[in-house]
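The lines below spell out each chain.
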Amino acid sequence: MSQFTIQDGVLHAEGVSLSAIAERFGTPTYVYSKAALLENFNAYHDACQGRDALVCYAMKANSNLAVLDLLARQGAGFDIVSGGELLRVIAAGGDPGKTIFSGVGKTVEEMQLALEKGILCFNVESIPELHRLNEVAGKLGMRAPVSLRVNPNVDAKTHPYIATGLKANKFGVAFDDALDTYRSAAALPNLDVVGIDCHIGSQLLDDAPLLEALDKLIELIDTLHGEGIHIHHLDMGGGIGVDYGVAGDKPAVPVGDYLTRVFARVDAWRAEKHEGRPIKVIFEPGRSIVADTGVLLTKIEYLKPGVEKNFCIVDAAMNDLMRPALYEAWMDVQQVTARAGEAVTYDVVGPVCESGDWLARERALTAQPGDLLAIMTAGAYGMTMASNYNTRGRAAEIIVDGEEAHLVRRRETPAELFALETVLK
Ligand SMILES: *Cc1c(COP(=O)(O)O)cnc(C)c1O
């Protein structure tokens, strides 16, 4: 159920109107719904009830401390891709023991930090990384828990920039090299081989490629078992897509159904071939936890009629929301207050000095300067990808809980943007 609804002609987040939020906190501003966040997390959590399973929220999608805190209180683990993200988990009261460290470029310092904090597992992506981790763990007199990110070479049928499980991607260890890589890992003295993982891409509308990847991981676990390498957890990565409102692009599978299918396959395999041995199943969802919990609220500055196109110039820009510029992503745009009159077709663009600075193309709007627009389904890969390009302070972030709006990140001031800089003497 969407927590963004029109009440008395005005778009609301739960019980608070977006116009009231704009008046109180200004624009551009990200507005999230707490109820939507918990609902999305619980779709995973509920499907895992009574099972040996863990949901590790991929926090790169939205890493605001308040979001992390709410999820940690529900029992979430976390999937991180940097030492900075680990420090966020800890600052938000999350449990490092339920945290998984992904990514192709972990530094020595990041490995040390993660070992000292006692994370659940390193998802390792290459042989040089195995050797580095072995060395770092040895120096600390510790053993590092590792999983290998295996690249099952299945086509996730998503945008090339967010497909990650093909041979041509920088991520993971090729399926055909996985056995040898596991042998290398098992031979290193300071590593404990505990898991296997994959992440084949993002915004998958169907779970068929994920289930295909699962079958390949299961096949590999059996092969490894024959070699005396025992896998204790199987990590499916993230990837279930969300409904951005694009015709024909609706996710075909609810989260609960996807998890049910994963567990059914795992159970059948355990009973048939794995001699009933336990195996923990881990999920790393990002987008499907936060995307539809948030909107980017922006104000129209100017309407600019053009020769070939009309432009609706708003106070949010590509630095606030990069998805359209980066992936040509289609984001739904809604007027916060409906207005009578004839609709005109506009490209919704920001003030940044780049032709790539657009948020939406060819949208019919009746809006006037000063009106508010909401860029919908912007809770994932929105604020976390924001930059300060053009010396623009990043947007404020609000979480709405029922009738209350809480400021969870204040707007940056211009002075803060150059506070770390110095001139030559
Ligand atoms: C980004 C990422 C995720 C989350 O992907 P979503 O599509 O947002 O669910 C999970 N695991 C890894 C390793 C990632 O890089």
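See the structure printed just above.
Scope of this entry: the structure provided in the associated data block.

Cut-offs and rules
Residues numbered from 1 in each chain as written. Predicted model: local features only at pLDDT ≥ 70, side-chain atom pairs only at ≥ 80, totals over all residues. Heavy atoms only, no water. Phe/Tyr/Trp six-rings, centres within 6.5 Å; stacked < 30°, edge-to-face > 60°. Buried < 20%, exposed > 50% of the residue type's maximum accessible area, 1.4 Å probe, protein only. Lys NZ or Arg CZ within 6 Å of the ring centre and 35° of its normal. 1 Å grid on protein atoms, 1.4 Å probe; cavity = no way out; pocket = protein on both sides within 12 Å on 5 of 7 lines; lining within 4 Å. Points joined across faces, edges and corners; volume = space filled by probe spheres on them. Helix = DSSP H or I, 4+ residues; strand = E, 2+ residues; numbered from the N terminus. Nonpolar A, V, L, I, M, F, W, Y, C, P; charged D, E, K, R; others polar. Near = heavy atom within 4 Å. Polar contact = N/O pair within 3.5 Å; in protein donor to acceptor, adjacent residues only side chain to side chain. Pairing = 2+ DSSP bridges. Axes fitted to C-alpha atoms, helices over the stretch in contact; angles between N-to-C directions. Parallel < 35°, antiparallel > 145°, perpendicular 65-115°, else oblique. Left-handed = near helix turned anticlockwise from the far one by under 90°. Contact = heavy atoms within 4.5 Å.

1. Topic: the packing of aromatic side chains
Evaluation of the coordinates by the stated rule reveals five aromatic pairs. Centroid distance Tyr 30 to Tyr 32: 6.2 Å. Interplanar angle 15°. Geometry classified as stacked. Exposure class is identical for Tyr 30 and Tyr 32. Each is buried. Counting every residue linked through ring pairs, the aromatic cluster contains Tyr 258, Phe 263 and Phe 283. For the cation-ring pair, Lys 106 lies above Phe 101, with the distance from its terminal atom to the ring centre recorded as 5.5 Å.

2. Side note on empty space enclosed by the protein
Summed over all chains, the structure comprises two cavities of 30 Å³ or more. The space that makes up the largest cavity amounts to roughly 40 Å³. As for the largest cavity, its lining consists of Tyr 32, Ser 33, Lys 34, Leu 37, Asn 62, Val 67, Val 290, Thr 293 and Ile 399. Going through the elements one at a time, β4 (29–33) and α2 (34–47) are the ones with two or more residues in the lining of the largest cavity. Grouping the constituent residues of the lining of the largest cavity by class yields five nonpolar, three polar and one charged.

3. Examining the site of the ligand
Around the ligand lies a shell of 14 residues, among which Lys 60, Ser 202, Glu 284, Arg 287 and Tyr 381 are the nearest. Contacts to the ligand include Gly 286, whose backbone N or O atom sits 2.9 Å from an oxygen atom. For the shell around the ligand, the per-class residue count stands at three nonpolar, six polar and five charged.

4. With respect to the pairing of strand β11 (residues 191–197)
Burial within β11 is extensive, with six of its seven residues counted as buried. Judged from the six bridges that link them, strand β9 (residues 144–151) and β11 form a sheet pairing that is parallel. Bridge assignment links Pro 145 to a residue of β11, and that residue is Asp 192.

5. A short note on the packing of helix α5 (residues 108–117) against helix α6 (residues 127–139)
Orientation of α5 relative to α6, taken along the N-to-C sense of each, is 55°, at an axis distance of 10 Å. Relative to α6, the element α5 lies oblique. α6 is crossed by α5, and the crossing has right-handed handedness. Within the contact between the two elements, α5 uses Val 108, Met 111, Gln 112 and Leu 115 and α6 uses Glu 129, Arg 132, Leu 133, Val 136 and Ala 137. The residue makeup of the contact of α5 with α6, split by class, is six nonpolar, one polar and two charged.

6. Remarks on unusual backbone geometry
A cis amide bond links Thr 27 to the next residue, Pro 28, at an omega of -5°. Even without being a glycine, Thr 391 presents a positive backbone phi close to 50°. For Thr 391, a relative accessible area of 52% translates into the label exposed.

7. Regarding the sheet that holds strand β1 (residues 4–7)
Reading across from one edge, β1-β2-β3 is the order of the three strands in this open sheet, with antiparallel pairing throughout. The strands lining the two open edges of the sheet, one partner per strand, are β1 and β3 (16–17). As defined by bridge partners, strand β2 (residues 10–13) adjoins β3 across two bridges and the pair is classed as antiparallel. Bridge pairing in β3 places His 12 opposite Ser 17.

Honestly, it's all geometry; don't read function into it.
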